[in-house]
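# Chains, contacts and geometry: an overview
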Amino acid sequence: MKLYHCILTLHDNVFFATREMGILYETEKYLHNWALSYALFKGTIIPHPYRLQGELAQSPDYLDEKREQNLIHLNRAGIYVFPAKPLLWSYQINTFKAAQVSYYGIAKQFGDKGADRNYPINYGRAKELAVGSQYRTYILSAETIEIPRWIRLGKWSAKVKVTSTLIPNELLQTAYGEYLCNHPLNLIDLPTDTEILLYNRIVMPPVSLINQAQLQGDYWRTKKEAWNDFRQNNPFLPIEISFPQKITYGARQLTHA
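What comes next is a walk through the structure.

Rules used throughout
- Residues numbered from 1 in each chain as written.
- Predicted model: local features only at pLDDT ≥ 70, side-chain atom pairs only at ≥ 80, totals over all residues.
- Heavy atoms only, no water.
- Phe/Tyr/Trp six-rings, centres within 6.5 Å; stacked < 30°, edge-to-face > 60°.
- Helix = DSSP H or I, 4+ residues; strand = E, 2+ residues; numbered from the N terminus.
- Buried < 20%, exposed > 50% of the residue type's maximum accessible area, 1.4 Å probe, protein only.
- Lys NZ or Arg CZ within 6 Å of the ring centre and 35° of its normal.
- Salt bridge = Lys/Arg side-chain N within 4 Å of Asp/Glu carboxyl O.
- Pairing = 2+ DSSP bridges.

Geometry of an aromatic ring pair is reported as the spacing of the ring centres plus the angle between the planes. For the structure on display, the rule yields 10 aromatic pairs. Residues Tyr80 and Phe82 carry aromatic rings whose centres are separated by 5.1 Å and whose planes lie at 90° to one another, so their mutual orientation is edge-to-face. Between the aromatic rings of Phe82 and Tyr138, the centroid separation amounts to 6.3 Å while the plane-to-plane angle is 85°, which identifies the pairing as edge-to-face. Separated by 56 residues along the polypeptide, Phe82 in the loop between strand E4 (79-81) and strand E5 (85-88) and Tyr138 in strand E8 (residues 134-141) bring together distant segments of the chain. Of the residues examined, Phe82 reaches a relative accessible area of 2% and is grouped as buried. For Tyr138, a relative accessible area of 6% gives the class buried. Members of the aromatic cluster, each reached through a chain of ring pairs, are Tyr80, Phe82, Tyr138, Phe243 and Tyr249. Note that Lys127 overlies the ring of Tyr91, its terminal NZ or CZ placed 4.5 Å from the centroid.

Counted according to the given criterion, the structure contains six salt bridges. The partner of Glu28 in a salt bridge is Arg19, and the shortest N-O contact between them spans 3.1 Å. Accessibility expressed as a relative area gives 28% for Arg19, which makes it partly exposed. One salt bridge connects Lys246 with Asp193, and the closest N-O pair in it is separated by 2.6 Å. Of this pair, Lys246 sits in the loop between strand E15 (242-244) and helix H4 (251-256) while Asp193 sits in the loop between strand E12 (185-186) and strand E13 (195-202), placing them 53 residues apart in sequence. The class of Lys246 is exposed, set by a relative accessible area of 52%. Residue class for Asp193 comes out partly exposed when judged on its relative accessible area of 42%. A single salt-bridge network, built from bridges that share partners, covers Arg19, Glu26, Glu28 and Lys127.

Right, let's talk about the pairing of E8 for a bit. Counting buried residues along E8, seven of its eight residues qualify, which places the element largely inside the surrounding structure. Pairing of strand E1 (residues 2-10) with E8, which is carried by eight bridges, proceeds in the antiparallel orientation. Along E8, the bridge assignment pairs Thr9 with Gln134. The sheet contact formed by E5 and E8 spans three bridges and is antiparallel. Bridge pairing links Leu88 to Gln134 in E8.

What follows is the structure, encoded as structure tokens:
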């Protein structure tokens, strides 16, 4: 097993509509692992066919093997990407004019009924993650892999820098019992033999994440003394790492299916 520690630095504003509250479209401060997986491995491990027409045109379906752009490809390659935890983040709110399409609304000129103020009705505000925000994530792999230096993320295809560090296997050990995972997790990806005791829920599509989870089962953890020595030359690493074993995309959903 190979474990990569990754720092993501935003070089553009990142936007995805986690919550839509009237004219405000808000971006959650966490980054979903499924979105990161496509950003990192789409076109290499995950197929990226180019189509403009047809039932399957540009429509990924995460855990459906009938769709070409699914995450099962990463399961077969022995790769798993964790959600990204914010380390340093800020927001920027931008105002935009909505498209004049029938399903959204009809644009009205100034002075018309319902448009008596000095701005158009069809507009919205996007609360975006700002340039300079930093995130931490991990990538598990059965073999040594090449991690892209730059990726594109979010609805605006924002540019994100990826700095990865391979953690030596001798710093990790297996254990069983109750433990606290300080990194966000995807509930559907947890193995069925891992018991979820307590957690904070992060509501976001397509699947909610959990944070500060207290779990029971088989897990990986860092060896305290060896890890502290390694961190002397790598101070950006967390104080400790612990995460469940056998974590894969759709572990719980595919098992029940």
